[in-house]
Amino acid sequence: MSGRGRPRKAQSPETKSAGSKTTAKEFKHVSLPESPQKEEKLSDTTEERKPKKREPKEVNHTEKKTFAQTAQRGKTTHYLTETPSAKLCAGRAKSPEETREEMRRQKIPKETTKTSMKVKACTEREISPQQSSDVGLETAMDKKTKSIKAAKVKACGVRAESPELLATEETKKLLKTPEDTIKAKVQGRKAKLVDGKMQQKIPEDHPEADTTDKADMNTILLTTLEKLKIKMNDKSEASQVINRIIKQIVEHLKNNTCCFTEVQEPLRTGSYYENLKISNPDEFDVMLPFPVERVDIKPFGDDGAFYSVTLPRGKNPLKKFQPESNPLSANEMLKEFREEVKKSIKNFPGVEVSKKKKGCPAVTLNVTVESAIISLDVVLSLMVKSSWPSFTKDGLPIESWLGRKVKQTFKFMPYYLVPKYEGKGTTECDGVLAKDIWRVSFSHVEKAILKNHGSEKTCCEKDGDRCCRKDCLKLLKHLLSLLKSENSSYDKFCSYHAKTTFLHACCSRTKDSEWAFTNLSQCFQLLLKDFESHLERGQLNNFFIPTQNLLSGPGQRSCKSLALRIREEREKGFPIFTKIH
C-alpha cells in the first residue's frame, strides 16, 4: 500500500539486475512500508535491522530497489548472516591505512586484529531510541531469526565477561577445600627447591605436621618391631633344648628324691611363652609346682604380697623343711631344691648352674645352643588350692575389659607361692625371718590374660581385627632395656614394671578399637604417658594386690629421672630405636 490507501503495482524483478546487492545508502533512503501485512512478511524473511539515525541524503533513483526484491534475493542463510554483520560492524572499523599502521606497531597477526576490532565494535556500540523501537516491533521471531543472532555473535567474536562473573571465578579459585589447601601447602614445604636449598620443615603447630609426624613415628616403630622378631629356626632349636632339660629335671625329682616326688607338670610362664619375648630366645621361665591342699598363711609386712606359710598337720614330704611350731622355711627348701637340680643336669652337655642371686626364687641355668647362651630359670613354687588371699579382693579389675565371668574363672584357679623376699634376709617380723617368707605369684593368670587379651573373642585371630596391645608392651620393654643399658641407675626397674603398667592401661582403655594396630604410634605414646605418670608419682600398684607399690624399691629420684628420660625419647621421636646397639 502507498499514499492514502491506493494500491500500487510492485515493480518487475527485471527492472534491476538480479545479481546486484543493496547498499547501505539505499536502506537509509527507502521508506518502510506502512502495510502491517507486508511488515510481517519482511520480518519472516529478513534479519532484524537496526539502522543508524537517518541523515538527509540525495536519493539515487537508478539504484533504488524494493524490499520485496531484497527478500526474494536474500533467502539464503549465508546472505542473511553476512550482510547484517557487515552492516553492523563496518561502521566502527578503522580505515585500512590505520589498521596496517597499528599492526606494524604492535606486531600482531591480521586475524587477531580483525577479531579484536569486531569485538570492540560489538561491545561498545549503543542502540539508539529509534533502534529500540524497531526491535520492539519484531516480537514474533522464529528459529531462523535466532540462528541469525547466534551467527552475528560468532561473527563479532566472544563478548567480554562481566565483572561479577570474573569475581565469582576468582572466589571459586580461592575457596578451595581446607584439605586440598593444606595438602598443597605441605607438598610445597616438602618439595626440594631447584637451586639446591634445604627442604623446608613443616611448623609444629600446623595441622598437617601432626599427621606427618605420626606417619614417620609409625615407620620407626614398625621397623623396630620387625627387628625384635625372633627367627622361627632359632626359636625352635632353643625350645627343643629347654624342653629336654626340664624333662630330665622332673624325672630326677620324681625318681631320685624323697622330698620333691610330688612335683607337678611344669608351668611355663614368662615372656617367651606369653609371646612377648624380643630380639632373641635367650630367656625361659619354668615353674615346678608342689601341691599343698591347705596352708595357713600370715602376711609378712603391710603390702599383702609376702607371707609366712605353715603346713597343716598330716603327712607331707615338705614337712622336712618346717620345724616344729615354725613356718615352712623357704630358704632351706630352696637350698635343697637347688642341689637336686644340679644333680639332674650333671651329665647334660653345655649346661652350667649360675651363682645364686639374693632373694631370687629360681635356679638359673646357662645353656649353650649353637654358640648362643640361653638362660633358663627353674622356679620352685607351692601350688595352693584354696581361695586367694584377702589382699587380692580389690585386685584384677578386668570386669569392663574381659568380663565378670572371666574374672570368676581366674579366681577359682589356684595361686602360687614362690620363695622370694625383699631387702635383707635377716629382717624379722613376728619371729619370722625375711629369707623364709614366700611371695604370691599370679603368673599363670597373667599368661592367660595376655593370650586372650581382647574385649572381643576374635581379637587378633585369623578372621578378626588385629590390635597392637602386645606390640606396645614389646616396645616398652625394649625401650626400658635400652635405657637401662645406658644408665646403670635404672637397674632396679624391670620388665614386670612395664607389664603391670600395660595391664592397668588395658583396664582403662578396654575396647579393641582403642588399640587398633593402625594407631600403633598413638597407642604406644599413651602407654608411655601412663608409665611416666606412675614414675612421677612414684606409685604403681600391683595388678592383683593393690596395696603393694611396685615402685617403692627404686625410690623417687630414680623414678623421676626415668620419667624425664622416657618423655625426652617420646618427644624426639625415639632416636634410641634408630641407634646401632
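Counting restarts for each chain: residues are numbered from 1 in the order of the written sequence. Only residues with pLDDT of 70 or above have their local features reported here, since the model is predicted, and side-chain atom pairs are shown and tallied only from 80 upward, although totals for entire chains, interfaces and linings are computed over all residues. Derived side-chain values reflect all non-hydrogen atoms in the structure, with water molecules and hydrogen atoms excluded from consideration.

Engineer: I'm lost on the overall build of the protein chain in this one. Help?
Structural biologist: Secondary structure summary: the protein chain contains 20 helices and 11 strands in total. Here the term buried applies to any residue with accessible area under 20% of the maximum for its type, exposed to any over 50%, and partly exposed to those in between, with areas from a 1.4 Å probe on protein chains only. Per-residue burial for the protein chain yields a buried fraction of 39% across its 581 residues. By definition, residues are in contact when any of their heavy atoms lie within 4.5 Å. Of the contacts formed within the protein chain by residues at least 6 apart in sequence, a portion of 69% connects residues at least 24 apart. Within the structure as shown, the protein chain displays about 35800 Å² of accessible surface, and the carbon and sulfur contribution to it stands at 51%. In DSSP terms, a helix is any run of H or I states spanning at least four residues, a strand is any run of E spanning at least two, and both are numbered starting from the N terminus. Computed with the Shrake-Rupley method and a 1.4 Å probe, the accessible areas treat only the protein chains shown as cover for residues.

Engineer: Quick question: what am I supposed to make of the pattern of salt bridges here?
Structural biologist: Side chains bearing opposite charge may pair, as long as their charged atoms lie close to each other. The rule for a salt bridge is simple: a side-chain nitrogen of Lys or Arg has to be within 4 Å of a carboxyl oxygen of Asp or Glu. Taken as a whole and assessed by the stated rule, the structure comprises 17 salt bridges. A salt bridge links Glu 446 to Lys 499; the shortest N-O distance between them is 3.2 Å. With a gap of 53 residues between them, Glu 446 in helix α15 (residues 443–451) and Lys 499 in helix α17 (residues 495–508) connect regions that are remote in the sequence. Like Lys 499, Glu 446 is buried. For Glu 532, the salt bridge is made with Arg 567, and the minimal N-O distance between the two is 3.7 Å. Linking Glu 532 in helix α18 (residues 520–537) with Arg 567 in helix α19 (residues 556–571), this pair joins segments that are 35 residues apart in sequence.

Engineer: Any chance you could explain the packing of helix α16 (residues 469–486) against α17 here in plain terms?
Structural biologist: Two quantities define a packed helix pair, namely the angle between the axes and the distance from one axis to the other. Simply put, an axis is a line fit to the C-alpha atoms, just over the touching stretch for a helix, and the angle between two N-to-C directions goes from 0 to 180 degrees. Packing of α16 against α17 leaves a shortest axis separation of 9 Å and a crossing angle of 150 degrees. Classified by the angle their axes make, α16 and α17 are roughly antiparallel. Regarding α16 and α17, the two cross each other, and that crossing is right-handed. Between α16 and α17, the residues in contact are Arg 469, Leu 473, Leu 476, Lys 477 and Leu 480 and Ser 495, Ala 498, Lys 499, Phe 502 and Cys 506, respectively. Each residue belonging to the contact of α16 with α17 can be placed in one class, and the counts come to 6 nonpolar, 1 polar and 3 charged. Just so you know how the angles are binned, under 35 degrees is roughly parallel, over 145 roughly antiparallel, 65 to 115 roughly perpendicular, and the rest oblique. Crossings are assigned a handedness: left-handed for a near helix turned anticlockwise from the far helix by less than a right angle, right-handed for a clockwise turn. Asp, Glu, Lys and Arg are counted as charged, while Ala, Val, Leu, Ile, Met, Phe, Trp, Tyr, Cys and Pro are counted as nonpolar; the rest, among them Gly, fall into the polar class.

Engineer: Would you explain the side chain of Ser 443 in this entry?
Structural biologist: For Ser 443, the location among the structural elements is in helix α15. With residues near it in sequence (within four places) discarded, Ser 443 still touches Thr 269, Glu 274 and Met 287.

Engineer: How should the packing of aromatic side chains be read in this particular structure?
Structural biologist: The geometry of an aromatic ring pair comes down to the distance between the two centres and the angle between the two planes. The aromatic pairing rule takes the rings of Phe, Tyr and Trp, using the six-membered ring of Trp, and pairs them if the centres are within 6.5 Å, calling planes under 30 degrees apart stacked, those over 60 edge-to-face and the rest tilted. In this structure the tally under the stated criterion is 15 aromatic pairs. With 4.7 Å between their ring centres and 20 degrees between their planes, Phe 442 and Phe 544 make a pair best called stacked. Of this pair, Phe 442 sits in the loop between β11 (438–441) and α15 while Phe 544 is found in the loop between α18 and α19, placing the two residues 102 residues apart along the sequence. Among the residues examined, Phe 544 registers a relative accessible area of 1% and is labelled buried. Considering the side-chain rings of Phe 574 and Phe 577, the 5.4 Å spacing of their centres and the 20 degrees angle between planes classify their relative orientation as stacked. In this pair, the class of Phe 574 matches that of Phe 577, namely buried.

Engineer: Explanation requested: α18 in the structure shown.
Structural biologist: Since one α-helical turn is 3.6 residues long, residues separated by three or four positions face the same way. Helix span, expected: 1.5 Å multiplied by one less than the number of residues in the helix. The end-to-end C-alpha separation of α18 is 26 Å, in line with the 26 Å expected for 18 residues at 1.5 Å each. Residues of α18 that are buried: Leu 520, Ser 521, Cys 523, Phe 524, Leu 527, Leu 528, Phe 531, Glu 532, His 534 and Leu 535.

Engineer: For this particular structure, what's the right way to read the packing of helix α12 (residues 232–256) against helix α13 (residues 330–344)?
Structural biologist: Between α12 and α13, the least distance of the axes is 9 Å, while the angle of their chain directions is 115 degrees. With respect to their mutual orientation, α12 and α13 come out roughly perpendicular. α13 is crossed by α12, and the crossing has right-handed handedness. Residues Gln 248, Ile 249, His 252, Leu 253 and Asn 256 of α12 form the contact with α13, whose own contacting residues are Phe 337, Glu 340, Val 341, Lys 343 and Ser 344. Looking at the contact of α12 with α13 residue by residue, the class counts come to 4 nonpolar, 4 polar and 2 charged.

Engineer: Just to check I follow, could you spell out the confidence of the model for the protein chain for this structure?
Structural biologist: Atom-level detail of predicted coordinates should not be read off regions where pLDDT is low. On a scale of 0 to 100, pLDDT captures the predictor's confidence in every residue. When pLDDT is averaged along the protein chain, the result is 75, and 63% of the positions lie at 70 or above. A low-confidence stretch, residues 107–168 stays under pLDDT 50, and its non-local contacts, those more than four residues away or across chains, total 50 contacts. Confidence over residues 170–209 falls short of pLDDT 50; this stretch has 21 contacts with residues more than four positions distant or in other chains.

Engineer: Help me understand the nonpolar core, please; the structure alone is not making it clear to me.
Structural biologist: Buried Ala, Val, Leu, Ile, Met, Phe, Trp, Tyr and Cys residues that are joined via side-chain atoms within 4.5 Å together make up what is termed a nonpolar core. Within the largest apolar cluster, 108 residues are counted, with the highest numbers of intra-cluster contacts made by Ile 245, Met 333, Phe 337 and Leu 365. When sequence neighbours within four positions are dropped, the list of residues in contact with Met 333 reads Phe 260, Phe 290, Leu 318, Phe 321, Leu 328, Leu 380, Leu 382 and Trp 438. Ranked by size, the runner-up nonpolar core spans 8 residues in total, among them Cys 360, Ala 362, Tyr 416 and Val 418.

Engineer: Where do I start with unusual backbone geometry in this structure?
Structural biologist: Of note in the backbone geometry, Leu 396 takes a positive phi value of approximately 55 degrees without being a glycine. Its location among the elements puts Leu 396 in the loop between β7 (372–384) and α14 (404–411). Overall, Leu 396 belongs to the buried group, its relative accessible area being 1%. Within the chain, Phe 574 stands out as a residue other than glycine whose phi angle is a positive 55 degrees. Summarising the element assignment, Phe 574 is placed in the loop between α19 and α20 (575–578).

Engineer: Please clarify how the side chain of Arg 565 should be interpreted in this entry.
Structural biologist: The residue Arg 565 is located in helix α19 in this model. What makes Arg 565 buried here is its relative accessible area of 17%.

Engineer: Help me out: how do you make sense of the pairing of strand β2 (residues 283–292) in this one?
Structural biologist: As a general feature of sheets, a regular strand has side chains that alternate between the two faces. Among the 10 residues of β2, 8 are classified as buried, and the element is accordingly described as predominantly covered. Relative to β2, strand β1 (residues 267–269) runs antiparallel, the two being bridged by 3 bridges. Paired with Arg 268 across the two strands is Val 286, which belongs to β2. Only when DSSP finds a minimum of two bridges between them are two strands counted as paired. Here 10 bridges tie β2 to β7, and the two strands are oriented parallel to one another. Each bridged residue has a counterpart across the sheet, and for Glu 283 the counterpart in β7 is Ser 375.

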